Amino acid sequence: AQSVTQLDSHVSVSEGTPVLLRCNYSSSYSPSLFWYVQHPNKGLQLLLKYTSAATLVKGINGFEAEFKKSETSFHLTKPSAHMSDAAEYFCVVSGANDYKLSFGAGTTVTVRA
Amino acid sequence: GAVVSQHPSWVICKSGTSVKIECRSLDFQATTMFWYRQFPKQSLMLMATSNEGSKATYEQGVEKDKFLINHASLTLSTLTVTSAHPEDSSFYICSATLGQGRTQYFGPGTRLLVL
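Residues numbered from 1 in each chain as written. Chains lettered and ligands numbered in written order. Predicted model: local features only at pLDDT ≥ 70, side-chain atom pairs only at ≥ 80, totals over all residues. Heavy atoms only, no water.

Scanning chain A from terminus to terminus reveals zero helices and twelve strands. The N-to-C order of helical and strand elements in chain A reads β-β-β-β-β-β-β-β-β-β-β-β. In terms of overall dimensions, chain A has C-alpha extents of about 45 × 30 × 20 Å along its principal axes. In chain A, buried positions account for 44% of the 113 residues. Once local pairs closer than 6 in sequence are excluded, the contacts in chain A between residues at least 24 apart make up 56%. On chain A, roughly 5,400 Å² of surface is accessible, and the fraction owed to carbon and sulfur atoms is 51%. Taking the average place of the 9 positive charges on the side chains of chain A and the average place of its 8 negative ones, the gap between the two points comes to 3 Å. (Helix = DSSP H or I, 4+ residues; strand = E, 2+ residues; numbered from the N terminus. Buried < 20%, exposed > 50% of the residue type's maximum accessible area, 1.4 Å probe, protein only. Contact = heavy atoms within 4.5 Å. Areas by Shrake-Rupley, 256 points an atom, 1.4 Å probe, with all protein chains shown as cover. Lys, Arg positive; Asp, Glu negative; His and termini not counted. Charge placed at Lys NZ, Arg CZ, Asp CG, Glu CD.)

What follows covers the interface of chain B and chain A. Contacts between the two partners involve 23 residues from chain B, matched on the other side by 22 residues from chain A. Counting the surface chain B buries against chain A, the share from its top three residues, Arg102(B), Thr103(B) and Phe106(B), is 36%. For Lys100(A), the salt bridge identified is with Glu59(B), shortest N-O distance 2.8 Å. On inspection of chain B and its partner chain A, the count reaches seven residue pairs in polar contact (both at pLDDT 80 or more). Elements with a minimum of two residues in the side of chain B that touches chain A: strand E4 (30-38), strand E5 (44-51), strand E9 (90-98) and strand E10 (104-106) of chain B. Among the elements that take part in the side of chain B that touches chain A, E4(B) stands out by supplying four residues, more than any other. Each residue belonging to the side of chain B that touches chain A can be placed in one class, and the counts come to nine nonpolar, eleven polar and three charged. (Buried area = accessible area lost by both parts, 1.4 Å probe. Salt bridge = Lys/Arg side-chain N within 4 Å of Asp/Glu carboxyl O. Polar contact = N/O pair within 3.5 Å; in protein donor to acceptor, adjacent residues only side chain to side chain. Nonpolar A, V, L, I, M, F, W, Y, C, P; charged D, E, K, R; others polar.)

Another point: unusual backbone geometry. Cis geometry marks the peptide bond from His7(B) to Pro8(B), where omega comes out at 0°. Relative to the helices and strands, Pro8(B) resides in the loop between strand E1 (4-7) and strand E2 (10-13). Even without glycine at this site, Thr72(A) takes up a positive phi of about 45°. Positionally, Thr72(A) belongs in the loop between strand E8 (64-68) and strand E9 (73-78).

So this is what it looks like as structure tokens:
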């Protein structure tokens, strides 16, 4: 079985400063990993995904994540936070033989002006 | 591309009535659709997996007679909450996969409030 752990339930940053959201995964196979963002009362939007190609993955809105197999991590970063980045972020891993997703508990990002 | 819609976005109903929620893939044919439930300040909980033309596969603890899923075409899946009760109030989100890929594209969600 696969699982993900988001290490921070809440991250607060100042506008214009870097954002780091940490995610560790557990999987017995080579996983597919995703980061999704959810704004209040909205569905989930795909930020980026890792599917065994390049370990540094670039996504939308300036986000990127690095897959580190040795550390079983898939941390999400952005060099400069914007007010519109305030949202809930989910790290997600896909099952090996099916399409089921396992979600982390989520990290709430607040951005201070 | 890969847009998923849900209708309605909001629904308020009386206890004991049934509510149908539609999930549509607008610009692609979805091989598989999923239904999730999300409680406030929590992550998503998978309710069921739906493939076109076959019965849905429900997760453990999800009542299939209460949450009826119909996947009539490659672009439409419906979730019917039968005899709704206040504890069924929640945010319901669907998703769909494109082709054989593992990426799920999510709908905007439906907020259900049962009075």
